[in-house]
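A closer look at the structure
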Amino acid sequence: MLIVDDHPVVAEGWGRIVRGRMPCEILCAATALEGWRLWRSERPGLVVVDLTLGEGKTAGLKLIERLRRADRRLPILVFTMHTSAVLARRALNSGAHGIINKDSPPRDICFAFEEVAAGRHHVGAHFARKIALMEVTGGGARVHLTGREEEILGLIAEGLSYREIASRACISYKTVSNVSLILKSKLGASSLGDLVVKAIRYFEGA
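In this text the structure is predicted, and so the values were computed from the model without any measurement.

This next bit is on the nonpolar core. In this structure, Val47 and Leu67 are the most contacted members of the largest nonpolar core, which totals 25 residues. Contacts of Leu67, omitting those with residues within four sequence positions, involve Trp36, Trp39, Val47, Leu74 and Ile76. Counting 21 residues, the second largest nonpolar core, distinct from the first, contains Ile152, Ile165, Ala166 and Phe203.

Below you can see the structure in the form of structure tokens.
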């Protein structure tokens, strides 16, 4: 098993919990690049990835995408301190088999490990509730969003300006503006302020 986490104490604690349930070799990497190189050389059967690594806030997501392109069947579990349904959904869409919060009880962490290691999908209870709510807005009508639309809506929910969103997503200001118009139409928002409110409701179920 390969653990990619830039906090050595967390990686050590995870390894101790897992070893108590089943014997396995634990490999550790502190960066996405180190994790990629270690996986390429050792080919562990399971990868545990933190979303936020030293290289940036999306380093973990990019590593997941890279691993998934290299091996479609590789079990990948996200182990994160974040509680955002936005990031959880993005991690799963990027190719992770499961996601669990770092504050979860050891028994829940072990169960997540066992499920993903066996090739099954697992979403921690906290994330499962939030992701379920992401499918519903307003009176319960389902709204389908593309990956790009959902990414931009998530940044809008964080309160970023169009210019900040363009910089964060590495796209043009015009693209952000155009997608926002589409989002207003899909979510029934009459203004940017209304769209922010609906974005928060979409992701958090408020």
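When we look at burial in helix 2 (residues 32–42), the residues that qualify are Ala32, Gly35, Trp36 and Trp39. Buried positions in helix 2, seen along its axis, are confined to an arc of 100° and lie on one side of it. Check the buried side of helix 2 and you find it contacts strand 1 (2–4), strand 2 (27–29), strand 3 (47–49) and helix 3 (59–70). Phi for Arg43, located one or two positions after helix 2, is positive at around 50°.

Tallying each qualifying case throughout the model produces 2 aromatic pairs. Considering the side-chain rings of Trp36 and Trp39, the 5.7 Å spacing of their centres and the 25° angle between planes classify their relative orientation as stacked. Placement of both Trp36 and Trp39 in helix 2 is noted, with a separation of 3 residues, approximately one turn of the helix. Taking relative accessible area as the criterion, Trp36 reaches 10% and is therefore assigned buried. The ring of Trp39 carries Arg43 above its face, with NZ or CZ at 4.1 Å from the centroid.

Let's shift gears to the sheet that holds strand 3. Judged by pairing direction, the sheet is parallel, and its 6 strands sit side by side in the order 2-1-3-4-5-6 without closing on themselves. Each edge of the sheet is formed by a strand with only one pairing partner; in this case those strands are strand 2 and strand 6 (122–123). The pairing of strand 1 with strand 2 spans 3 bridges and is classified as parallel. Along strand 2, the bridge assignment pairs Leu2 with Leu27. Packed on one face of the sheet, helix 5 (residues 106–117) meets strand 4 (76–80), strand 5 (98–101) and strand 6 and runs near 160° to strand 4.

Here we come to the pairing of strand 4. Looking along a regular strand, one sees the side chains alternate between the two faces of the sheet. The buried fraction of strand 4 is high, at 5 of 5 residues. Going residue by residue along strand 4, you find Ile76, Val78 and Thr80 tucked away on one face and Leu77 and Phe79 tucked away on the opposite face as well. For strand 3 and strand 4, the ladder comprises 3 bridges, and the chain directions are parallel. If you follow Val47 over to strand 4, its bridge partner there is Ile76. Crossover connection from strand 3 via helix 3 to parallel strand 4: handedness right-handed. Sheet topology places strand 4 next to strand 5; 4 bridges connect them, and they run parallel. The partner of Leu77 across the bridge, within strand 5, is Gly98. Taking the sense of rotation as the criterion, the β-α-β connection linking strand 4, helix 4 (residues 85–94) and strand 5 turns out right-handed.

Calculation rules
- Residues numbered from 1 in each chain as written.
- Predicted model: local features only at pLDDT ≥ 70, side-chain atom pairs only at ≥ 80, totals over all residues.
- Heavy atoms only, no water.
- Core = buried A, V, L, I, M, F, W, Y, C linked by side-chain atoms within 4.5 Å.
- Buried < 20%, exposed > 50% of the residue type's maximum accessible area, 1.4 Å probe, protein only.
- Contact = heavy atoms within 4.5 Å.
- Helix = DSSP H or I, 4+ residues; strand = E, 2+ residues; numbered from the N terminus.
- Arc of directions from axis to C-beta.
- Phe/Tyr/Trp six-rings, centres within 6.5 Å; stacked < 30°, edge-to-face > 60°.
- Lys NZ or Arg CZ within 6 Å of the ring centre and 35° of its normal.
- Pairing = 2+ DSSP bridges.
- Axes fitted to C-alpha atoms, helices over the stretch in contact; angles between N-to-C directions.
- Right-handed = clockwise from strand over helix to strand, strands pointing away.

That is the geometry; function is a separate question.
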